Amino acid sequence: MTSAPPVPHAFAGADSPPIEELDLSSAVIEAQRGDEAAFRLIYRMIQPALLRYLRVLVGNDAEDVASEAWLQIARDLASFRGDFDGFRGWAATIARHRALDHLRRRNRRQRDDIPVEMVTTELAAPDDTAGGALEAMSTEAAMRLIAGLPLDQAEAVLLRVVMGLDAKTAGRVLGKRAGAVRTAAHRGLRRLAEQLAEQGITEAGRPEAGEHDRGDSTRR
């Protein structure tokens, strides 16, 4: 697996305690007090999903942009107010701003292929009727499809499904109302489901019986 972008030097070091034994909101508070192990914990909890989000925005430059974001997060950590869920949204906002700065510098949006190393964890089940169809695909294939959505839909799906943010928090990241984020995510997931149906993929994760042996006229 591709290694994660470097943690700011001050936070490099030993492993953190087991995640299940820790209160992540308390870890945010301890990190603000200078606890390096707490910062490493929240970094490890957020970084994989953050990279997948940035991968769709800036392609192969995701690791560099994530490193810039974490440097700002470390610098501005004392100014944050909220729990761990709020911290995830705050981190995503900073990462998105860094990505947009990067894109402005490049004056283009990259759409490089997404390597499997960056998407090895399973997507959470989306709270949407298209969820079953999305889950039927491998994570790699699903991320490739998400990368092909219109940007507003891709970001909504990534923040809601991959980052695990609620609609209100995702809306703050994108500067939109929660309802607009829900709509964009729903449309994105519906489009993904339609693309999966065209490929003959069912919720069981395999082509429909006889799908590849019948012509279009016999498909349901």
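None of these values were measured; they are calculated from a predicted model. (Residues numbered from 1 in each chain as written. Predicted model: local features only at pLDDT ≥ 70, side-chain atom pairs only at ≥ 80, totals over all residues. Heavy atoms only, no water.)

**Student:** Would you explain the overall build of the protein chain in this entry?
**Tutor:** Assigned secondary structure in the protein chain consists of nine helices and zero strands. Overall, the protein chain shows an N-to-C arrangement of helices and strands of α-α-α-α-α-α-α-α-α. Burial analysis of the protein chain (220 residues in total) assigns 46% to the buried set. Long-range pairs, those at least 24 residues apart, make up 71% of the contacts in the protein chain between residues at least 6 apart in sequence. Summing over all exposed atoms, the protein chain offers an accessible surface of approximately 11500 Å²; the carbon and sulfur share of this is 47%. (Helix = DSSP H or I, 4+ residues; strand = E, 2+ residues; numbered from the N terminus. Buried < 20%, exposed > 50% of the residue type's maximum accessible area, 1.4 Å probe, protein only. Contact = heavy atoms within 4.5 Å. Areas by Shrake-Rupley, 256 points an atom, 1.4 Å probe, with all protein chains shown as cover.)

**Student:** How do you make sense of the environment of leucine 196 when you look at a structure like this?
**Tutor:** Relative to the assigned elements, leucine 196 resides in helix α9 (residues 178-198). With 51 residues separating them along the chain, leucine 196 and leucine 145 place their C-alpha atoms 9.3 Å apart.

**Student:** How should the pattern of salt bridges be read in this particular structure?
**Tutor:** Side chains bearing opposite charge may pair, as long as their charged atoms lie close to each other. On inspection of all chains with the given rule, the structure shows seven salt bridges. A salt bridge links arginine 98 to aspartate 101; its shortest N-O distance comes to 2.4 Å. Placement of the pair is arginine 98 and aspartate 101 together in helix α4 (residues 84-106), with a separation of three residues, close to one helical turn. Where arginine 104 meets aspartate 101, a salt bridge forms, and the shortest distance between an N and an O atom there is 2.5 Å. With arginine 104 and aspartate 101 both in helix α4 and three residues apart, the pair spans about one turn of that helix. Residue aspartate 101 is classed as partly exposed on the basis of its relative accessible area, which comes to 22%. Several salt bridges share partner residues, and in doing so they unite Arg98, Asp101 and Arg104 into one network. (Salt bridge = Lys/Arg side-chain N within 4 Å of Asp/Glu carboxyl O.)

**Student:** Is there a simple way to explain helix α2 (residues 36-58) in this structure?
**Tutor:** Two residues of an α-helix separated by three or four positions point the same way, owing to the 3.6 residues in each turn. Taking 1.5 Å as the rise per residue, α2 with 23 residues should run 33 Å; its terminal C-alpha atoms sit only 29 Å apart, a clear shortfall. Helix geometry: α2 is bent most strongly at glutamine 47, by close to 40°, with proline proline 48 lying one to four residues after it. Among the 23 residues of α2, 18 are classified as buried, and the element is accordingly described as predominantly covered. In this structure aspartate 35 caps α2, since a side-chain oxygen of it lies 3.0 Å from the backbone nitrogen of alanine 37. After α2 finishes, the residue glycine 59 shows a positive phi value of roughly 65°. (Expected span 1.5 Å × (residues − 1). Bend = angle between axes of the 7 residues up to and from the residue. Polar contact = N/O pair within 3.5 Å; in protein donor to acceptor, adjacent residues only side chain to side chain.)

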